[in-house]
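Tertiary structure, described
Now for the letters of each chain:
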Amino acid sequence: ARTQVGIVGAGPAGLLLSYLLHAEGIDAVVIEARSREYVERRVRAGVCEHPTVELLREIGVGARLDAEGLPHHGFSLRFDGEDHRIALTELTGKAITVYGQQEIVKDLIAAHEAKGYPVEFEVSDVALHDLDTEDPRVTYRDSAGNRRELVCDVVAGCDGFHGISRPSIPAGAIRTFEREYPFAWLGVLARTAPSHEELIYAYHERGFALHSMRSPEITRLYLQVPHDEKIDAWPDEEIWSELALRLETGDERFSLREGPILDKGITPMRSFVTEPMRYGRLFLAGDAAHIVPPTGAKGMNLAVADVTVLSRALVELLRYNRSGLAESYSDTCLKRVWRAEHFSWYMTSMLHVDPAADDFGRRLQLSQLRYTASSRAAATSLAENYVGLPFA
Ligand code: FAD
Ligand code: DHB
């Protein structure tokens with residue numbers, strides 16, 4: 001078979017790219033290793049930047065996000081036993097929306113189904129070929145086990161950090177930059193009302209904790225744990241008692257609401273960037289090209305920003321045979337990527353307890369937290385990054 005753009009991966013990057021291309025009359029096929037049920041249930045990001053929300057609205061897939069998403073106009077930095085609110089909207093004029101990534105994935109899959117745009121689930125043995133030619137190919141087995149080949153004009157590698165696209169690039173054609181952190185996040189989804197109206201990023205001597213939510217009935221919580229921690233080491237009761245310790249304040253009005261845990265898992269934390277985000281006719285987008293630690297809530301939003309740039313570049317290339325935007329794709333994206341890398345590293349460093357840090361390091365962290373909470377200039381800088389800088 002032949003298509004203009006072969007898209008590997010049906011996460012936010014692959015699905016959104018496909019939708020944007022089809023809307024411009026460009027033919028694309030998405031292939032995904034997992035089942036539809038699996039990708040629709042995978043619990044991940046929850047914070048949508050202002051530009052992400054605007055884009056989803058503009059292209060007509062924002063109806064449920066508008067109805068069910070929770071607009072947030074601020075969040076708390078919790079340290080020294082009290083809350084210090086970062087007033088996002090007052091400082092920037094913008095808000096963020098709490099809406100689960102898998103809800104965006106569901107909405108995009110439903111939109112594909114409604115319009116008849118192809119998404120193939122449960123494919124296997126995916127391999128990329130002839131990437132340095134004008135007819136790159138994707139080979140794979142479909143869900144029935146039949147061998148398939150897709151000859152393309154362009155391949156979009158949207159298959160996340162563990163996908164096959166980035167490793168298909170010859171060593172030497174790309175450079176990578178990486179930083180690992182000596183901790184991970186244990187995340188839980190619980191059936192209980194949020195304990196506070198807003199997100200709470202808590203710095204505590206026992207480690208970082210985050211209070212978030214998905215709806216008025218569902219709470220999302222995270223705990224800093226050692227980087228090689230196993231989930232079996234954390235029975236539900238211990239998760240609740242540790243969260244209560246780290247989120248506690250001197251104020252009696254705050255008490256952590258508990259409930260049945262619906263999902264739990266551990267996510268390692270790393271910073272990672274690939275340069276350039278392209279090799280021949282293969283373009284990388286989203287987590288396939290870069291990873292940020294989750295503290296700044298930037299990963300999914302970066303994926304959305306990448307494919308916005310990529311869809312414009314591919315329309316120019318494939319409809320008008322103009323390659324300028326395709327040539328500048330990587331440079332354009334990397335500016336935003338490195339801004340998000342810095343912001344995510346900064347939020348992570350400010351809020352986590354580094355087991356190797358000394359008292360000097362801990363005093364610096366507290367000073368940075370107190371300055372951010374007390375200076376309008378510092379809080380505004382944090383807020384403008386958090387709500388999302390405008391797309392290129
Ligand atoms: P993915 O969502 O990883 O999608 C890649 C897809 O490719 C997957 O469906 C995978 O199954 C498929 N695939 C893999 N290999 C193959 C193959 N060989 N063939 C075919 N398909 C393949 N980001 C935020 O912006 N805000 C947040 O609040 C936030 N919180 C997070 C919390 C947690 C606990 C985690 C884990 C992540 C969080 N992120 C957050 C990051 C965000 O989830 C990712 O950045 C986002 O999923 C990236 O989207 P993507 O489409 O690039 O990749
Ligand atoms: C959530 C995840 C994040 O990484 C973050 O910074 C804030 C909220 C969440 O899953 O709700």
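Residues numbered from 1 in each chain as written. Chains lettered and ligands numbered in written order. Predicted model: local features only at pLDDT ≥ 70, side-chain atom pairs only at ≥ 80, totals over all residues.

**Side note on the pairing of strand 13 (residues 175-191)**
- Bridge count between strand 13 and strand 17 (residues 261-275): 13 bridges; the pairing is antiparallel. Paired with Glu-178 across the two strands is Phe-272, which belongs to strand 17.
- Judged from the nine bridges that link them, strand 13 and strand 16 (residues 218-226) form a sheet pairing that is antiparallel. Of the residues in strand 16, the one forming a bridge with Leu-189 is Arg-220. (Pairing = 2+ DSSP bridges. Helix = DSSP H or I, 4+ residues; strand = E, 2+ residues; numbered from the N terminus.)

**Observations concerning the domain arrangement of the protein**
- For the protein, the assigned domains are domain 1 (5-72 + 96-177 + 271-347) and domain 2 (181-269 + 353-387).
- Averaged C-alpha coordinates put domain 1 and domain 2 at centres separated by 29 Å.
- Domain 1 puts 12 residues into the contact, and the matching count from domain 2 is 15 residues.
- Grouping the amino acids of the side of domain 1 that touches domain 2 by side-chain chemistry returns six nonpolar, five polar and one charged. (Domains from an automatic or database assignment. Contact = placed C-beta atoms within 7 Å. Nonpolar A, V, L, I, M, F, W, Y, C, P; charged D, E, K, R; others polar.)

**Let's talk about the site of ligand 2**
- All residues in the neighbourhood of ligand 2 are listed as Ala-45, Gly-46, Val-47, Leu-199, Leu-210, Ser-212, Arg-220, Pro-294, Thr-295 and Ala-297.
- Partitioning the shell around ligand 2 into residue classes produces six nonpolar, three polar and one charged.
- Mapping the shell around ligand 2 onto the domain boundaries places at least three of its residues in each of domain 1 (5-72 + 96-177 + 271-347) and domain 2 (181-269 + 353-387). (Near = placed C-beta within 6 Å.)

**A short note on the UniProt feature "domain: FAD-binding" (unreviewed entry) in the protein**
- As annotated in UniProt, the feature "domain: FAD-binding" (unreviewed entry) corresponds to residues 2-344 in the numbering used here.
- Helix makes up 31% of residues 2-344 and strand 31%, whereas the separation of the span's terminal C-alpha atoms amounts to 40 Å. (UniProt positions renumbered as here; feature names shortened; annotations may be inferred.)

**Comments concerning the site of ligand 1**
- What surrounds ligand 1 is a group of 36 residues, the closest being Gly-9, Gly-11, Gly-160, Gly-286 and Gly-299.
- Considering each element in turn, the shell around ligand 1 owes the most residues, four residues, to helix 8 (residues 299-320).
- In terms of residue class, the shell around ligand 1 is made up of 18 nonpolar, 12 polar and six charged.
- Here the shell around ligand 1 spans two domains, and each of domain 1 (5-72 + 96-177 + 271-347) and domain 2 (181-269 + 353-387) adds at least three residues to it.

**With respect to the packing of helix 8 against helix 9 (residues 324-351)**
- Interhelical geometry of helix 8 versus helix 9 gives an angle of 170° and a closest axis separation of 9 Å. Judged by the inter-axis angle, helix 8 sits roughly antiparallel to helix 9. Contact residues: Leu-302, Ala-305, Asp-306, Val-309, Leu-310, Arg-312, Ala-313, Glu-316 and Leu-317 in helix 8; Gly-324, Leu-325, Ala-326, Tyr-329, Thr-332, Cys-333, Arg-336, Val-337 and Ala-340 in helix 9.
- Residues of the contact of helix 8 with helix 9, tallied by class, amount to 12 nonpolar, two polar and four charged. (Axes fitted to C-alpha atoms, helices over the stretch in contact; angles between N-to-C directions. Parallel < 35°, antiparallel > 145°, perpendicular 65-115°, else oblique.)

**Quick word on helix 6 (residues 101-115)**
- With 15 residues, helix 6 extends 21 Å from end C-alpha to end C-alpha; this agrees with the ideal 21 Å at 1.5 Å per step.
- Among the residues of helix 6, Gln-101, Gln-102, Ile-104, Val-105, Leu-108 and Ile-109 are the ones counted as buried. Summarising the axial view, the buried residues of helix 6 lie within an arc of 155°, below the 170-degree limit, and thus occupy one face. Of the exposed residues in helix 6, the ones pointing more than 90 degrees away from its buried face are Glu-113 and Ala-114.
- Check the buried side of helix 6 and you find it contacts helix 1 (12-23), helix 2 (36-41), strand 8 (119-120) and helix 8. (Expected span 1.5 Å × (residues − 1). Buried ≥ 20, exposed ≤ 12 C-beta atoms within 10 Å, placed from the backbone. Arc of directions from axis to C-beta.)

**Details of the sheet that holds strand 19 (residues 282-284)**
- Spatially, the six strands line up as an open sheet ordered 8-2-1-12-19-18, and their pairing is mixed. The open sheet has two edge strands with one neighbour each: strand 8 and strand 18 (278-279).
- Taken together, the four bridges between strand 1 (residues 5-8) and strand 12 (residues 154-157) define a ladder with parallel strand orientation. For Ile-7, the partnering residue across the bridge sits in strand 12 and is Ala-156.

**Structural notes on the confidence of the model for the protein**
- Across the protein, pLDDT averages 97, with 100% of residues at or above 70.
- Across the whole predicted complex the pTM is 0.97, and at the interface the ipTM reaches 0.96. (pLDDT = per-residue confidence, 0-100.)

**Considerations on helix 1**
- Taking 1.5 Å per residue as the helical rise, helix 1 with its 12 residues ought to reach 16 Å, and the 16 Å between its terminal C-alpha atoms agrees with that figure.
- With respect to burial, helix 1 is a largely interior element, 10 of its 12 residues being buried.
- Listed as buried for helix 1 are Pro-12, Ala-13, Gly-14, Leu-15, Leu-16, Leu-17, Ser-18, Tyr-19, Leu-20 and Leu-21.
- A positive phi of about 80° marks Gly-25, the residue just after helix 1.

**Some points on unusual backbone geometry**
- Of note, the amide linkage connecting Glu-275 to Pro-276 takes the cis form, showing an omega dihedral of -10°.
- Within the secondary structure layout, Pro-276 lies in the loop between strand 17 and strand 18.
- Positive phi outside glycine occurs at Glu-122, with the angle close to 55°.
- Relative to the helices and strands, Glu-122 resides in the loop between strand 8 and strand 9 (124-129).
- Given 16 C-beta atoms within a 10 Å radius, Glu-122 is considered partly exposed.

**With respect to the sheet that holds strand 11 (residues 147-151)**
- One open sheet accounts for three strands, arranged 9-10-11; its pairing is antiparallel. Two strands in the sheet have a free side with no partner beyond their single neighbour: strand 9 and strand 11. Going across the sheet, the axis of each strand differs from the next one's by a mean of 15°, ignoring polarity.
- Direction of pairing for strand 9 relative to strand 10 (residues 137-141): antiparallel, over a ladder of four bridges. The residue bridging Leu-128 from the neighbouring strand is Val-138, located in strand 10.

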